[in-house]
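Below, each chain spelled out in residue letters.
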Amino acid sequence: MCDLIMTLPHHGRCMVRKDTLIFDNALNLLIISLGGDGENKKALAAYFTRILSTLGLNLENKAEIYNDTCLKAIFMLNNYNYMLKSLQRSGLLDLVKLHNPEIANHYGTQTRQWRKQYSQSWAHLLHILQDTRALSIPYKPPDKVKDKDRQLIKDKFATFNKEFEEISRSQKRLAIPDQELRDSLRAENVELIVSKYDVFLKKYSQLQFTKNLEKYIKYTANNVREQLNSFFDTTA
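What this report covers is the structure whose coordinates are included nearby. Keep in mind it's a predicted model, so treat the numbers as computed, not measured.

1. Thoughts on the overall build of the chain
Turning to step 1, where the next piece is worked out: A tally of helices and strands in the chain yields 10 helices and 0 strands.
Turning to step 2, where the next piece is worked out: Taken across its 236 residues, the chain has 43% of its residues classed as buried.
Turning to step 3, where the next piece is worked out: Considering only contacts in the chain between residues 6 or more positions apart, those separated by 24 or more positions represent 77%.
Turning to step 4, where the next piece is worked out: Summed over all atoms, the accessible surface of the chain reaches about 13100 Å², with 52% contributed by carbon and sulfur.

What follows is the structure, given as structure tokens:
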């Protein structure tokens, strides 16, 4: 395990590293070795803790190749998730706890940190939905909207559409093989975006700001939800 194979992901799609996959072979060897006494188990636990530490450092170093923080976060989430589930599936999590009782908490902390970093990929779009550029006066249908305010509303929708489409193109290309992780990130995205977009949409869609409504309002709230739920599809 000291000489880990270093194979970089191809265009961000192969998101679990080969050196992480070798992890399973080490687990199998350790399972065979578990018939010893308590001291042997403690020695194995210490040895495997060092392997986990080395693997974690290798992953973080290799993640630096990505300039895209979203891609880096998904890469790390995939790999940490794989490592933790492998430990749990094999029953070796309890062994490692003999040397490092906080190992599960460590992976939980790492996962939360990388989830938080992933969520930063939505920062610009959320800023758009915060709607900080106010109209000159409040309007109610069927009020006539001033020219400058009509343009401002058009700009709001055009900016949202452009940002949402760019994020969608990028994140649809990312793969999360684990269904539980994939579904949870999709659900978090839906919770983060859809209700805010729905408020934004209802605020402006009833105002007469354009004769070509379809040009600016491209998405219903349900369209946005469906798009978010198509992210990270390994078959895409």
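2. Observations regarding helix 5 (residues 103–119)
Turning to step 1, where the next piece is worked out: When the terminal C-alpha atoms of helix 5 are compared, their 24 Å separation across 17 residues agrees well with the 24 Å that a helix rising 1.5 Å per residue should span.
Turning to step 2, where the next piece is worked out: I103, Y107, G108, Q110, W114, R115 and Y118 are the residues of helix 5 that are buried. Down the axis of helix 5, the smallest arc covering the buried residues is 165°, so these residues share one side. Structural note: helix 5 exposes R112 and K116 on the side pointing more than 90 degrees away from its buried face.

3. Structural notes on unusual backbone geometry
Turning to step 1, where the next piece is worked out: Put simply, P141 and P142 share a cis peptide bond, and its omega is 5°.
Turning to step 2, where the next piece is worked out: Looking at where P142 falls in the secondary structure, it is placed in the loop between helix 6 (123–130) and helix 7 (147–172).

4. So, the layout of surface pockets
Turning to step 1, where the next piece is worked out: Its boundaries defined by the atoms lining it, the largest pocket holds a volume of some 160 Å³.
Turning to step 2, where the next piece is worked out: The wall of the largest pocket is formed by 13 residues, among which L52, S53, I103, H106 and Y107 lie closest to the centre.
Turning to step 3, where the next piece is worked out: Mapped onto the lining of the largest pocket, the elements with two or more residues apiece are helix 2 (38–63), helix 3 (69–90) and helix 5.
Turning to step 4, where the next piece is worked out: The element contributing the most residues to the lining of the largest pocket is helix 2, with 6 residues.

5. Some details on the packing of helix 6 against helix 8 (residues 179–205)
Turning to step 1, where the next piece is worked out: It is the contact of helix 6 with helix 8, at a shortest axis distance of 9 Å, that shows an interaxial angle of 30°. Between helix 6 and helix 8, the crossing angle belongs to the class labelled roughly parallel. Where helix 6 crosses over helix 8, the handedness of that crossing is left-handed. Here L125, L126, I128 and L129 of helix 6 lie close against helix 8, whose contacting residues are L192, I193, K196, Y197 and F200.
Turning to step 2, where the next piece is worked out: Classifying every residue of the contact of helix 6 with helix 8 by side-chain character gives 8 nonpolar, no polar and 1 charged.

6. Observations regarding the environment of K72
Turning to step 1, where the next piece is worked out: By the element assignment, K72 lies in helix 3.
Turning to step 2, where the next piece is worked out: Sequence separation of K72 and Q117 is 45 residues, and the distance between their C-alpha atoms is 8.9 Å.
Turning to step 3, where the next piece is worked out: Excluding residues within four positions of it along the chain, K72 makes contact with A63, E64, Y66, W114 and Q117.

7. So, the side chain of S168
Turning to step 1, where the next piece is worked out: If you trace the backbone, S168 turns up in helix 7.
Turning to step 2, where the next piece is worked out: Ignoring any residue separated from it by four or fewer positions in sequence, one finds S168 in contact with Q227 and F231.

8. Structural notes on the nonpolar core
Turning to step 1, where the next piece is worked out: Y118, W122, F157, F160, Y197, V224 and L228 are the most contacted members of the largest nonpolar core, which totals 63 residues.
Turning to step 2, where the next piece is worked out: Residue assignment for this core shows that the elements contributing at least two residues are helix 2, helix 3, helix 4 (93–97), helix 5, helix 6, helix 7, helix 8 and helix 10 (221–228).
Turning to step 3, where the next piece is worked out: A per-element tally of this core places helix 3 first, with 11 residues.
Turning to step 4, where the next piece is worked out: Excluding anything up to four places from it in sequence, Y197 contacts L129, F157, F160, Y219, T220, A221 and V224.

9. What to know about the packing of aromatic side chains
Turning to step 1, where the next piece is worked out: If you walk through the whole model with that rule in mind, you get 15 aromatic pairs.
Turning to step 2, where the next piece is worked out: For the ring pair Y80 and Y107, a centre distance of 5.6 Å and an interplane angle of 55° mean the geometry is tilted. Taken together, the residues span a long stretch of sequence, with Y80 in helix 3 and Y107 in helix 5 at a distance of 27 residues. Of the two residues, Y80 and Y107, neither departs from the other in class, the shared state being buried.
Turning to step 3, where the next piece is worked out: Ring geometry for F200 versus Y204: centroids 5.5 Å apart, planes at 70°, classification edge-to-face. With F200 and Y204 both in helix 8, this residue pair falls 4 residues apart, about one helical turn.
Turning to step 4, where the next piece is worked out: For Y204, a relative accessible area of 1% corresponds to the buried category.

Definitions and limits used
Residues numbered from 1 in each chain as written. Predicted model: local features only at pLDDT ≥ 70, side-chain atom pairs only at ≥ 80, totals over all residues. Heavy atoms only, no water. Helix = DSSP H or I, 4+ residues; strand = E, 2+ residues; numbered from the N terminus. Buried < 20%, exposed > 50% of the residue type's maximum accessible area, 1.4 Å probe, protein only. Contact = heavy atoms within 4.5 Å. Areas by Shrake-Rupley, 256 points an atom, 1.4 Å probe, with all protein chains shown as cover. Expected span 1.5 Å × (residues − 1). Arc of directions from axis to C-beta. 1 Å grid on protein atoms, 1.4 Å probe; cavity = no way out; pocket = protein on both sides within 12 Å on 5 of 7 lines; lining within 4 Å. Points joined across faces, edges and corners; volume = space filled by probe spheres on them. Axes fitted to C-alpha atoms, helices over the stretch in contact; angles between N-to-C directions. Parallel < 35°, antiparallel > 145°, perpendicular 65-115°, else oblique. Left-handed = near helix turned anticlockwise from the far one by under 90°. Nonpolar A, V, L, I, M, F, W, Y, C, P; charged D, E, K, R; others polar. Core = buried A, V, L, I, M, F, W, Y, C linked by side-chain atoms within 4.5 Å. Phe/Tyr/Trp six-rings, centres within 6.5 Å; stacked < 30°, edge-to-face > 60°.

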